[in-house]
Amino acid sequence: MTPRLAASIDELALHEGSACVSILFPVDPRHLDEHRDVLTVRNLVEEAGRRFDAFGVGHAGLLDVDIVELRRRAMALGCSGVAVYRSPGYDAEVMVASPVGPTVTVGDRFHVLPLVAIGAGGWRGHVLTVGGRGVALYKAVDGSLEPCPTVGLPTRSDDVLGPDKSERQSGAHTAGPAGRQGEATMHHGLGGREDDRKGLIEHYFRLVDDAVSEAIGPDDPLLVIGTVTNVAHFRAVTRHQVVDGLALGSPSELTVDQLAAGVAGVAEAQHTRQVDEQLARYAALAGTGLATADRQELAAAAAAGRVELLRLGAALTRPTGEPSAPDAALDAANRTVIDARRTGAVVMIVDREQRPEAPALAGILRY
């Protein structure tokens, strides 16, 4: 079976099977010799085999891992870790940008906590690119930008505005001598033409805003990217919560990866604000029955689809212990996260070193 190279976290979280094995291992680009990484993965594979045998579950073919090839691909992509997910009839490999601890789990679901940390540790919102040759809406999710379906979004400003020749045509000509200056300049219709174009520009960006309104809510954070002029035009007419505008130039000349890199700086500041808001909201709901840090209550609420927001301490997503020592708390947290994600909950990572008052696992409930 050909491995899936870009399985999403939600796809992995939704997968269930009688024999699911998750093998995660770090890749250290400082060491050209792969011996250390190969030894780490071999130990993980052997431990997975022992656990399958202990459960009386067959695992033929599930533990054949080409360690050297996976390590080579990860280094070529500049990644610091690899996650391998296998079950009968299913094979996925994920190159992980952030370091991961050596981890192996077997059971009826995959271990996705380290992958959740990559995306849940960042800003959540939408990114709108506005340019003369293209307009697009993206969703910031799992540390990357994904295209967001829209209806009625203008793809080109020229389709509405027509070619802009106003800067090249002055709308003036010279007429006979006039006093000492020798010539007089007469202007015809320049103001009217400028007013018409200003109205068209406003109309165009209102069309963009209308289309965005069909795709996201008015309170969803929105970051706008484009030229200084286009960002200003959109901000002047939008009904949305624009958290910031980035003048990165014409979006049509940028790749999605370049857009994501540009978003990163703003996203970090916005994520800090979002965490502060949610911590304050959690504190306000404490004692009302709509906020809890009890892990059994959270697990039951997640399974029933009652969790609106789940907060994880960063330490839960970075297992560093020996792979031969299963962590029951980690397994339970993984299951809670999977159940919460499958029912639409937002998962957020909180660094408890910066916010020691935050519980390691807590949630806000819908009801």
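Just so you know, these numbers come straight off a predicted model, no measurement behind them. Numbering of residues starts from 1 in each chain and follows the order in which that chain's sequence is written. Since the coordinates come from a predicted model, pLDDT governs what is reported: local features require at least 70, and pairs of side-chain atoms require 80 or more to be given and counted, while whole-chain, interface and lining totals use all residues. Heavy atoms throughout the structure, all of them, feed into the side-chain values; hydrogens and water do not.

Engineer: Can you help me understand the sheet that holds strand β2 (residues 81–87) in this one?
Structural biologist: Sheet strands pair by backbone hydrogen bonding; their relative direction is either parallel or antiparallel. Pairing between strands is defined by DSSP: at least two bridges between them are needed. Secondary structure elements follow DSSP: runs of H or I of four or more residues count as helices, runs of E of two or more count as strands, with numbering from the N terminus. The strand order β3-β2-β1-β4 describes an open sheet built from four strands, whose pairing is antiparallel. Of all the strands in the sheet, the pair left with one neighbour each is β3 (90–96) and β4 (103–109). Pairs of neighbouring strands in the sheet enclose a mean axial angle of 15°, with direction left out of account. The pairing of strand β1 (residues 16–26) with β2 spans six bridges and is antiparallel. Within β2, the residue paired with P26 across the bridge is G81. Contacts are assigned to residue pairs with any non-hydrogen atoms lying within 4.5 Å of each other. Angular values range over 0 to 180 degrees, each being the angle between N-to-C directions of two axes fitted as lines to C-alpha atoms, with helices fitted over their stretch in contact. In the packing of helix α3 (residues 67–76) onto the sheet, contacts are made with β1, β2 and β3, and the angle to β3 comes to roughly 40°.

Engineer: What am I meant to see in the packing of helix α2 (residues 35–55) against α3 here?
Structural biologist: Axes are the key here: two packed helices are described by the angle between their axes and the distance separating the axes. Contact geometry for α2 and α3: axes closest at 10 Å, N-to-C directions at 125°. Considered as vectors, α2 and α3 are oriented oblique to each other. In the crossing of α2 with α3, the sense of the turn from one axis to the other is right-handed. Contacts between α2 and α3 involve D37, V38, V41 and R42 from the former and I67, V68 and R71 from the latter. Under the scheme applied, nonpolar residues are Ala, Val, Leu, Ile, Met, Phe, Trp, Tyr, Cys and Pro; charged residues are Asp, Glu, Lys and Arg; polar residues are all the others, including Gly. Per-class residue counts for the contact of α2 with α3 are four nonpolar, no polar and three charged. Roughly parallel here means an angle under 35 degrees, roughly antiparallel means over 145, roughly perpendicular means 65 to 115, and every remaining angle is called oblique. Helix crossings are classified by the rotation of the near helix relative to the far one: an anticlockwise turn of less than a right angle makes the crossing left-handed, while a clockwise turn makes it right-handed.

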